[in-house]
Amino acid sequence: MRVLVVEDETRLAEGLRRGLEAEGFAVDVAANGTDGLWMAREQQYSIILLDIMLPGISGYRVCETLRADGNWTPILMLTAKDGEWDQIEALDTGADDYLTKPFSFSVLLARIRALLRRGAGERPTVLEAGDIRVDPAARRVWRGDTVIEVTAREFAVLEYLIRRRGDVVSKRDVLNNVWDDDFEGDPNIVEVYIGHLRNKLDRPFGRAAIETLRGAGYRLASNGG
Ligand code: CA
């Protein structure tokens, strides 16, 4: 079992190396995101322990890049303290689990073993509606062969629509699933994002995937419009 530890705090990295080696793992350590990404691409690892705040490329980007490459090695994100990061974002980038520092070594070991049991199964795949494709793990969107750049919120709205493709979804459904539960702003914000998505996904291609059903809501056509 080979483990890659991507961690810039030298003492922690060395502590992890010693502890994991004592448990019978082979351990490689990278002290920044750039080296970590390179090593993860060069070597086959059983699991990657990935700090988020790293010199060079952040842990988020390392994770996202590996997933976009189709590398599904289990990734356990490590982070210094609550608030400096967003656990939802970590999981959205394709991480499998996360642990907040300081953590006990026995907890870390239990998490590692759980991830190893689960293995590196291929992640939920790309969602499709006709020639629109949405990759939730890598957060990428395509119309045909064209990559569509979207913001995080636009992505979330589109992901919700494509998961429910063919169904009519109300503005309220979108709000409840994409915004925080305590969102108290103007529900018409949904319309604004639908407009952005049409401008990116439909208009340039002369298509109309996102329908408005007056009084009812929206529907993403299963065939891509
Ligand atoms: Ca760090």
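Residues numbered from 1 in each chain as written. Predicted model: local features only at pLDDT ≥ 70, side-chain atom pairs only at ≥ 80, totals over all residues. Heavy atoms only, no water.

An order of β2-β1-β3-β4-β5 is seen for the five strands of this open sheet, with the pairing classed as parallel. Every other strand in the sheet has two partners, leaving β2 (26-30) and β5 (97-100) as the edge strands with one partner each. Across the sheet, the mean angle separating the axes of adjacent strands is 20° when strand polarity is ignored. When strand β1 (residues 2-6) meets strand β3 (residues 47-51), the two strands line up parallel, connected through four bridges. The residue bridging V6 from the neighbouring strand is L50, located in β3. Running at roughly 170° to β2, helix α1 (residues 10-22) makes contact with β1, β2, β3 and β4 (75-79) of the sheet. (Pairing = 2+ DSSP bridges. Helix = DSSP H or I, 4+ residues; strand = E, 2+ residues; numbered from the N terminus. Axes fitted to C-alpha atoms, helices over the stretch in contact; angles between N-to-C directions. Contact = heavy atoms within 4.5 Å.)

Taking strand neighbours across the sheet as the criterion, the four strands line up as β6-β7-β8-β9 in an open arrangement whose pairing is antiparallel. Each of the sheet's edge strands pairs with one partner strand only, and the pair in question is β6 (127-129) and β9 (146-148). Pairwise comparison of adjacent strand axes, ignoring direction, gives a mean angle of 25° for this sheet. In terms of strand pairing, strand β7 (residues 132-135) meets strand β8 (residues 140-143) through four bridges, oriented antiparallel. Bridging across to β8, I132 finds its partner in R143.

Once that is clear, we can look at helix α2 (residues 33-42). Every buried residue of α2 is listed here: G33, G36, L37, M39 and A40. With its buried residues spanning 165° around the axis, α2 presents them on a single face. Facing away from the buried side of α2, by more than 90 degrees, are the exposed residues W38 and E42. Turning to α2, the residues buried within the fold contact β1, β2, β3 and α3 (59-68). Between the side-chain oxygen of the N-cap and the backbone nitrogen of T34 there are 3.1 Å, and the N-cap of α2 in question is N32. (Buried < 20%, exposed > 50% of the residue type's maximum accessible area, 1.4 Å probe, protein only. Arc of directions from axis to C-beta. Polar contact = N/O pair within 3.5 Å; in protein donor to acceptor, adjacent residues only side chain to side chain.)

For the rest of this paragraph, the subject is the packing of aromatic side chains. Per the stated rule, a full pass over the model turns up one aromatic pair. Positioned above the aromatic ring of W142 is the side chain of R133, whose terminal nitrogen or guanidinium carbon lies 4.7 Å from the ring centre. (Phe/Tyr/Trp six-rings, centres within 6.5 Å; stacked < 30°, edge-to-face > 60°. Lys NZ or Arg CZ within 6 Å of the ring centre and 35° of its normal.)

Further remarks concern the coordination of the calcium ion. Taken together, D8 (OD), D51 (OD) and M53 (O) make up the protein donors of the calcium ion, found 2.1 to 2.3 Å from the metal. Each donor residue of the calcium ion belongs to the same chain, with the gaps between them written as D-x42-D-x1-M. Here D8 is found in the loop between β1 and α1, whereas its partner M53 is found in the loop between β3 and α3, with 45 residues between them in sequence. Classification of D8 as partly exposed rests on a relative accessible area of 30%. By relative accessible area, M53 is classed as partly exposed at 46%. (Donors = N, O, S within 2.8 Å, 3.2 Å for Na, K, Ca; no water.)

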